[in-house]
Amino acid sequence: MRVSSQGVTVVALLADPDAPTEIAQRMARTLPTRLATKSGQERRFKIEVISEPFTAGTEDPPTLMRRILDRGSAENWDIVVALTDLPLHLHGRKLAVNLSHEHGLALLSLPSLGGLRLPKRARQAVEEAVLGLAGPPATGAEEPPQNRPLLERSAPPGQEEAPDLRYVAGGPRGYLRVLSGMVRANRPWRLVPGLSKALAAALATGAVATVNSTVWILAEALSAPRLVIAMVGSVGIMIGWLIVDAELWHRSADGSPEERQRARLYNASTVLTVGIGVLVCYVGLMVINLVWALFILNDRVFASMTRTPLDAAEYWTLSWFVASVATVGGALGSGLESDEAIRAAAYSKREQERRDSLQDNHGHQPSE
């Protein structure tokens, strides 16, 4: 590790755009003080945040490490920690952290930290990486980073360069942790405002259905299991329509096991992300339909058509059924949406946007 002449260790946080950049900017406010306190050697640290799509066009960890090295060699940085929200694979395993003491570099895949308390876990991971790189090279007996018990040490055989410290998320729990981290990085709640036209169509459908006497009779006749089936079916139709219409399904470029594993992970995170967004819309529709029904329905008219008094249970049942009907109407209205907001839920599409952005800025792909 190089130390500047003023005795200040310059740490660069090289972050992919969007969520990684936001996390890096947030932690940069307190990181210098925390690092100085934890180092215990009266060191001073200066943090610089650089937002660049350094993962554009590739997800290969060795290639990314070379890119980070090339980027850092042109700057007066002592340590470079790169943050990405892409899931990284190495030799068929999900790479979480890659440390190179020789070059003072660290590559961190944020999804490996899981979907809960991500900013805090990311800050802890960056602190451990910086302090590890600032100290002497680790030995083979070093334990995995603290606070991340699902990570395990990985040392690929036949490595020609100076050995790096690599930690992977292994096993089924590691897979679920990476998947939840991918969904968290996608931020599914952003899908809701992106479906404005679909929501308008759903609200219009729900408003009409709420005052339709045929819908009253159907809602009264349906049992709870049938209402659940209607809900699941309507939500499934909405999810499937959005994925197909916006072309979110990720297809593997080749038939290699690693590429198929990556495609499965991408598609699972996309389905969960879109599903959470659609469920939020569904609950919102149910609440709005309930309020609309309370305001517009007349108990005598309702009772004359259904032969059932209009009580709390009937309001709830009607709002539930109408939400399912409205969701199907919203699926049809989603065809009017711009695909940009919907595609933001898919890692593969966001990676394509990063590649296009890099081409616009530099006119060519970065050297690898």
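Above: the structure in question.
Keep in mind that this is a model prediction, so the values were computed, not measured. (Residues numbered from 1 in each chain as written. Predicted model: local features only at pLDDT ≥ 70, side-chain atom pairs only at ≥ 80, totals over all residues. Heavy atoms only, no water.)

Draft legend 1. Quick peek at the overall build of the protein. Counting secondary structure elements, the protein contains 14 helices and eight strands. Counting only residues that meet the buried cut, the protein has 49% of its 368 residues in that class. Across the protein, the fraction of contacts at a sequence separation of at least 24, relative to all contacts at a separation of at least 6, is 77%. In the form shown here, the protein has an accessible surface area of approximately 17500 Å², with 58% of it arising from carbon and sulfur atoms. (Helix = DSSP H or I, 4+ residues; strand = E, 2+ residues; numbered from the N terminus. Buried < 20%, exposed > 50% of the residue type's maximum accessible area, 1.4 Å probe, protein only. Contact = heavy atoms within 4.5 Å. Areas by Shrake-Rupley, 256 points an atom, 1.4 Å probe, with all protein chains shown as cover.)

Draft legend 2. Looking closely at empty space enclosed by the protein. What the rule picks out here adds up to two cavities of 30 Å³ or more. The space that makes up the largest cavity amounts to roughly 50 Å³. Surrounding the largest cavity, Ala 198, Leu 199, Ala 202, Met 238, Val 278, Cys 281, Tyr 282, Leu 285, Thr 327 and Gly 330 form its lining. Among the elements that make up the lining of the largest cavity, the one with the highest residue count is helix H10 (residues 257-296) (four residues). Along the walls of the second largest cavity sit Pro 87, Leu 88, Lys 94, Leu 95, Ala 96, Ser 109, Ser 112, Ala 169 and Val 178, which together make up its complete lining. (1 Å grid on protein atoms, 1.4 Å probe; cavity = no way out; pocket = protein on both sides within 12 Å on 5 of 7 lines; lining within 4 Å. Points joined across faces, edges and corners; volume = space filled by probe spheres on them.)

Draft legend 3. Representation of the nonpolar core within the structure. Ranked by internal contacts, the top residues of the largest apolar core, which has 36 residues, are Leu 195 and Val 274. Of all the secondary-structure elements, those providing two or more residues to this core are helix H6 (191-194), helix H7 (196-210), helix H8 (213-221), helix H9 (224-245), H10 and helix H12 (312-333). No other element matches the eight residues that H12 contributes to this core. By size, the runner-up hydrophobic cluster in this structure holds 31 residues, among which are Met 27, Phe 45, Ile 47 and Ala 125. (Core = buried A, V, L, I, M, F, W, Y, C linked by side-chain atoms within 4.5 Å.)

Draft legend 4. Spotlight on a nonpolar patch on the surface. On the surface, Val 211, Trp 292, Phe 295 and Ile 296 cluster together into a nonpolar patch covering about 390 Å² of accessible area. Considering the arrangement of structural elements, one finds Phe 295 in helix H10. (Patch = residues over 30% accessible without salt bridge, like charges linked within 9 Å, V, L, I, M, F, W, Y side chains within 5 Å. Salt bridge = Lys/Arg side-chain N within 4 Å of Asp/Glu carboxyl O.)

Draft legend 5. Quick peek at the packing of H8 against H12. Where H8 contacts H12, the axes come no closer than 9 Å and their chain directions differ by 105 degrees. Considering the angle they form, H8 stands roughly perpendicular to H12. Contacts between H8 and H12 pair Val 215, Trp 216, Leu 218, Ala 219 and Glu 220 from the former with Glu 314, Thr 317, Leu 318, Phe 321 and Val 322 from the latter. For the contact of H8 with H12, the per-class residue count stands at seven nonpolar, one polar and two charged. (Axes fitted to C-alpha atoms, helices over the stretch in contact; angles between N-to-C directions. Parallel < 35°, antiparallel > 145°, perpendicular 65-115°, else oblique. Nonpolar A, V, L, I, M, F, W, Y, C, P; charged D, E, K, R; others polar.)

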